[in-house]
Amino acid sequence: MREIDVRAPGRVNLIGDHTDYNDGFVLPMAIDRDCHVRGRATDGVLILRFLDGGDANSDRIAHAVQDVLGLPVGLDAEVHSTVPVGSGLSSSSALAVALACALCAAGDATLQPRELARVCQQAETEATGVPSGIMDQLTSVAGRADNALLIDCRSLEIRPVPIPSGIGVIVVDSRMPRTLAGSAYAERRAACEQVAARLGLAALRDATLEQVADDPRARHVVTENARVLAAADALAASDLAELGRLMLESHASLRDDYEVSTPELDALVDALVEAGATGARLTGAGFGGCVVAVSSAEEAGRIAEEFGERAFVARAADGARPG
Ligand code: GLA
């Protein structure tokens, strides 16, 4: 039987949250923490040994990926992940993408990056019931070492933006369980779709600030999209001060307009700035999970150390690849 050995990374989103399902823009990077699947192809049975225990959804996601892919193959494999589970770094997308790649390798199938991401997005939504966007899966598939990805979530066009060697990216886990993340996520998404429908638009991507000035949820989406594009320019220009400022604005908007922050995440953002970060914000869906910060590359290690074991300096990594 054919040997299978693939890995797929988690991600951290530098800026652009709750924009992907509004056909907007995001600026994530794949990180140097990944999910590794190693074993053999089978004729259909799926036997997975989760070396780190996995989480409640791991098995469900695995079977959903197999179902959605629809290839007449299975796996007998070990799954080992270094992506922290349940902290907003897309451990479940890393798992879905790694398994999808493993099953494609087992079945001799080739999918284009966007198709692969769509398969994983659909499988995760079926397995978890959370109607997530495409950012996490597409980043895990298409990540590029030393680059963030500016993704247009309408066209799914991806523009790699090099992360200058002088800029460091720090991730700190709040260690708060994301209990509300699923239900509140679906509720926020529905609210956005209602505003778009009322305005006669395909998605909030198409709204102007004037149109949404009195609706805090929609206002977050419109202002966040603008911040993502500005942040991509700032990153490309090595303008750390501007990047940091945009990240702090993003956090304020997620806290005040979109209301997906928590007191612990707010305190972490403040503590990171206090420790010397140029900017910081909650990253991912919110309601717990991680904060991402930027600083000069020189200072990043020291700042991360101040937050102990729950913090690390993240490097931008390649997307899914052979193990
Ligand atoms: C979760 C979802 C993503 C995205 C973020 C918020 O990570 O899986 O699709 O919507 O929340 O930006």
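Rules used in this analysis
- Residues numbered from 1 in each chain as written.
- Predicted model: local features only at pLDDT ≥ 70, side-chain atom pairs only at ≥ 80, totals over all residues.
- Heavy atoms only, no water.
- Helix = DSSP H or I, 4+ residues; strand = E, 2+ residues; numbered from the N terminus.
- Rg over C-alpha atoms; globule rule 2.2 N^0.38 Å.
- Buried < 20%, exposed > 50% of the residue type's maximum accessible area, 1.4 Å probe, protein only.
- Contact = heavy atoms within 4.5 Å.
- Areas by Shrake-Rupley, 256 points an atom, 1.4 Å probe, with all protein chains shown as cover.
- 1 Å grid on protein atoms, 1.4 Å probe; cavity = no way out; pocket = protein on both sides within 12 Å on 5 of 7 lines; lining within 4 Å.
- Points joined across faces, edges and corners; volume = space filled by probe spheres on them.
- Nonpolar A, V, L, I, M, F, W, Y, C, P; charged D, E, K, R; others polar.
- Arc of directions from axis to C-beta.
- Polar contact = N/O pair within 3.5 Å; in protein donor to acceptor, adjacent residues only side chain to side chain.
- Pairing = 2+ DSSP bridges.
- Near = heavy atom within 4 Å.
- Sits in = over half its atoms within 2 Å of the grid points.
- Expected span 1.5 Å × (residues − 1).

(A) Fine view of the overall build of the protein. Broken down by element type, the protein carries 10 helices and 11 strands. For 323 residues, the compact-globule formula gives about 20 Å, and the C-alpha radius of gyration of the protein, at 19 Å, lands near that figure. Projected onto its principal axes, the C-alpha positions of the protein cover 55 × 50 × 35 Å. Across the 323 residues that make up the protein, the buried fraction comes to 55%. When contacts within the protein are restricted to residue pairs at least 6 apart in sequence, long-range pairs at least 24 apart make up 75% of them. For the protein, the exposed area adds up to about 12,900 Å²; of that, 49% sits on carbon and sulfur atoms.

(B) Summary view of the environment of Arg118. On the secondary structure map, Arg118 appears in helix α3 (residues 113-128). For the pair formed by Arg118 and Gln137, sequence separation is 19 residues and the distance between their alpha carbons is 7.6 Å. Those residues in contact with Arg118 that lie beyond four places of it in its chain are Ile134 and Leu156.

(C) Summary view of the layout of surface pockets. Its volume calculated, the largest pocket comes out at about 670 Å³. Lining the largest pocket are 31 residues, and of these Ser92, Glu124, Val130, Asp136 and Arg178 sit closest to its centre. Those elements that place two or more of their residues in the lining of the largest pocket are α2 (91-106), α3, α4 (135-142) and α5 (181-198). Counted by class, the lining of the largest pocket contains 9 nonpolar, 15 polar and 7 charged residues. Within this model, the second largest pocket holds a volume of roughly 230 Å³. If you go around the second largest pocket, you meet 15 residues; those closest to its centre are Ile163, Ile167, Gly168, Ala314 and Arg315. Of all elements in the fold, only β7 (167-173), α10 (297-306) and β10 (311-314) reach the threshold of two or more residues within the lining of the second largest pocket.

(D) Quick look at α10. Within α10, the full set of buried residues consists of Ala300, Ile303 and Ala304. Buried residues of α10, viewed axially, fall in a sector of 100°; they line one side. With respect to the buried face of α10, the exposed residues turned more than 90 degrees away are Glu298, Glu305 and Glu306.

(E) Structural context of the side chain of Arg217. On the secondary structure map, Arg217 appears in helix α7 (residues 216-236). Within the structure, the side chain of Arg217 is placed 3.1 Å from the side chain of Glu259, a separation counted as a polar contact. Among residues more than four places away in sequence, those in contact with Arg217 are Arg188, Asp257, Tyr258 and Glu259.

(F) How the structure looks around the pairing of strand β1 (residues 3-15). Counting buried residues along β1, 10 of its 13 residues qualify, which places the element largely inside the surrounding structure. Both β1 and strand β2 (residues 25-42) contribute to a ladder of 11 bridges, which runs antiparallel. Paired with Val6 across the bridge in β2 is Val37.

(G) Molecular detail of the site of the ligand. Around the ligand, the structure places Arg11, Asp17, His18, Asp20, Tyr21, Ser132, Gly133, Met135, Asp136, Tyr185, Gly284 and Ala285. Residue Arg11 places a side-chain N or O atom 3.1 Å away from an oxygen atom belonging to the ligand. Between His18 and the ligand, the recorded distance is 2.7 Å, taken from a backbone N or O atom to an oxygen atom. In the complex, the protein chains occlude 92% of the 310 Å² of accessible area that the ligand would expose alone. Its atoms largely coinciding with the cavity grid, the ligand occupies the largest pocket. Of the residues contributing to the shell around the ligand, the split by class is 4 nonpolar, 4 polar and 4 charged.

(H) The arrangement of α3 in detail. With 16 residues, α3 ought to run about 22 Å at 1.5 Å a step, and its terminal C-alpha atoms sit 22 Å apart, in line with that. Where α3 is concerned, the buried positions are Leu116, Ala117, Val119, Cys120, Gln121, Ala123, Glu124 and Ala127. Of the surrounding secondary structure, the elements contacted by the buried residues of α3 are α1 (58-69), α2 and α4. Once α3 ends, the next one or two residues include Gly129, with phi positive near 80°.

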